[in-house]
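# Examining the three-dimensional arrangement
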Amino acid sequence: MVLSLASCVSVRSSSSSSSLLLLSRLLPSLLLLAALLACPGPAGGCPARCECSVPTRSVSCHRRRMLTVPEGVPIETRLLDLSKNRLRSLAPQNFSQLQQLEDLDLSANLLASVEPGSFRAQPRLRTLILRGNQLTLLPRGALAGLGELRALDLSQNKLVVLLDGAFEEQRRLETLELSDNQLVFMAPRAFAGLLSLRQLALERCNLSAVPGQALAQLRALETLRLSQLANVAEVPPHAFRNMPRLRHLTLERLPLLEALPSPAFLGLNLTTLAVTQTNLSAVPALGHLRHLALLNLSHSRVRVLRAGGLRGLARLEELHLRSAALERVEPDAFLGAPSLRLLDVSSNRLATLERSAFPEGHDLSLRALRIGRNPLVCDCRLRWLLQRAPPLLHAPATTDKRNPATTTPDDAPPECAAPASLAAKTLREVWSDAQLARLVVCTKPRVIAVATQPVQVEEGQRAWLNYSAIGFL
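Quick look at the structure, then. (Residues numbered from 1 in each chain as written. Predicted model: local features only at pLDDT ≥ 70, side-chain atom pairs only at ≥ 80, totals over all residues. Heavy atoms only, no water.)

### Description of the overall build of the protein
Tallying secondary structure elements over the protein gives 6 helices and 25 strands in all. Of all 473 residues assigned to the protein, the portion counted as buried reaches 41%. Put simply, 54% of the contacts in the protein that link residues at least 6 apart link residues at least 24 apart. When the accessible surface of the protein is totalled, it reaches about 24,800 Å², and 52% of it is carbon and sulfur. (Helix = DSSP H or I, 4+ residues; strand = E, 2+ residues; numbered from the N terminus. Buried < 20%, exposed > 50% of the residue type's maximum accessible area, 1.4 Å probe, protein only. Contact = heavy atoms within 4.5 Å. Areas by Shrake-Rupley, 256 points an atom, 1.4 Å probe, with all protein chains shown as cover.)

In structure tokens:
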């Protein structure tokens, strides 16, 4: 470079010290100018129809109707957005020069295949989005070279099967999205190699059974969503074995699921369990889940909360049984759940919720009760709710980030369905109006008249006794 520069600069052969001094001052600036001309910055190499940002080293070719990966993407690019184009296939040469790439978005294209080795030149890639394409198969080696990948989105494709070793090199992958595919089979070792996977979403596909063998490879998994699996009719024992770190499990919209045997969750240390929009008719025995803090059984066919049905759930803080078929809550129904703070039994068929459902002192931990949209009979059995301080009713709706299905933004205040004098009145109105409150004051039943006519019956027959009484049961 110095020789080339010297050929372009004319210097007189004078020994004048001033000329030498001037040259010595100009030489660093001239060398820098030559270097810049020889190595143009990334701003000088942006593909046509794309937008390039030098500070962020990003290139956006979003929605440009491209049929192929554009040429001329700067080699320093870290983020490349090729979403919503018309790409149909990927080959190794498409990204061979982009070794600094960290985030690649190929969503909403027409990709039907990914050749093995297509991403081998991207050792630094951390996020790969292939959502919304036409992929039917992920061949072994399609993700070869992506050892640093952290997040992979394959949702909204047409994947039918997952083969053994499909993710064998993704040892640092933490999040995997597989929802909205046509999966009918997952090989036993489809997830082999995913040693760091923490979150897996497997929703809206055609699996006929919980893929227990494949899931057993995910020993680091913390959150699992199995949703809208219309062909799954049961959760077999040990369906989630070898998953010691699993904390949040969602089984949602399984219309064929009618029972949930206790062994299905053996070996787990769940803190959140949501089994919603199913045909479950009874609360499953979950006493062995000693760390469970949130249980959601909403949108089911559970009719009765049995006495002691929550025994062993000492750390349970929230129970959601919203929009089920609940008709009765037995005495001591919450025995064994002394930490319960939020109870949601709204939109059911409850006529009452008696104080006896909570063992002595257990109701003191309760902070919020959602019981709206039930045909409540406002008699003395509900008096304990009106006397609680602080009040249980009308607690503000909350959103649980771990399980959005528990969000209830439109909770209606509980209203009386009977007696007729209180119909359509809210419990809050009854409590605040002294004239109405007297109607729910308990009076011990007392017989005031008994008929004295003798009656003779045979064993096993019915006998009718006429009497009059006053008071409330």
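### Focus: a nonpolar patch on the surface
Residues Val160, Val184 and Phe185 make up a contiguous nonpolar surface patch of about 240 Å² in total accessible area. With respect to the helices, strands and loops of the structure, Val160 is situated in the loop between strand E8 (151-153) and strand E9 (161-162). (Patch = residues over 30% accessible without salt bridge, like charges linked within 9 Å, V, L, I, M, F, W, Y side chains within 5 Å. Salt bridge = Lys/Arg side-chain N within 4 Å of Asp/Glu carboxyl O.)

### Topic: the environment of Leu436
The residue Leu436 is located in helix H6 (residues 434-437) in this model. A relative accessible area of 15% means that Leu436 is categorised as buried. For the pair formed by Leu436 and Lys425, sequence separation is 11 residues and the distance between their alpha carbons is 9.4 Å.

### Digging into unusual backbone geometry
Omega for the peptide link from Ala418 to Pro419 comes to -5°, which places this bond in the cis form. As for its placement among the helices and strands, Pro419 is situated in the loop between strand E23 (416-418) and helix H5 (427-432). Here Lys84, not a glycine, exhibits a phi torsion of approximately 55°, which is positive. Looking at where Lys84 falls in the secondary structure, it is placed in the loop between strand E3 (79-81) and strand E4 (89-90).

### So, the packing of aromatic side chains
This structure, assessed with the given rule, holds 5 aromatic pairs. Plain terms: the ring middles of Phe95 and Phe119 are 6.1 Å apart, the flat faces sit at 15° to each other, and that makes the pair stacked. Highlighted residues: Phe95 in the loop between E4 and strand E5 (103-105) and Phe119 in the loop between strand E6 (113-114) and strand E7 (127-129), separated in sequence by 24 residues. In this structure Phe119 comes out as buried when scored by relative accessible area, which is 0%. Look at Phe240 and Phe265: their rings are 6.1 Å apart centre to centre, the planes differ by 5°, and that puts the pair in the stacked class. With Phe240 in the loop between strand E13 (223-227) and strand E14 (248-254) and Phe265 in the loop between E14 and strand E15 (272-278), the pair connects residues that are 25 residues apart, well separated along the chain. Accessibility expressed as a relative area gives 1% for Phe240, which makes it buried. Members of the aromatic cluster, connected to one another through ring pairs, are Phe334, Phe358 and Trp384. (Phe/Tyr/Trp six-rings, centres within 6.5 Å; stacked < 30°, edge-to-face > 60°.)

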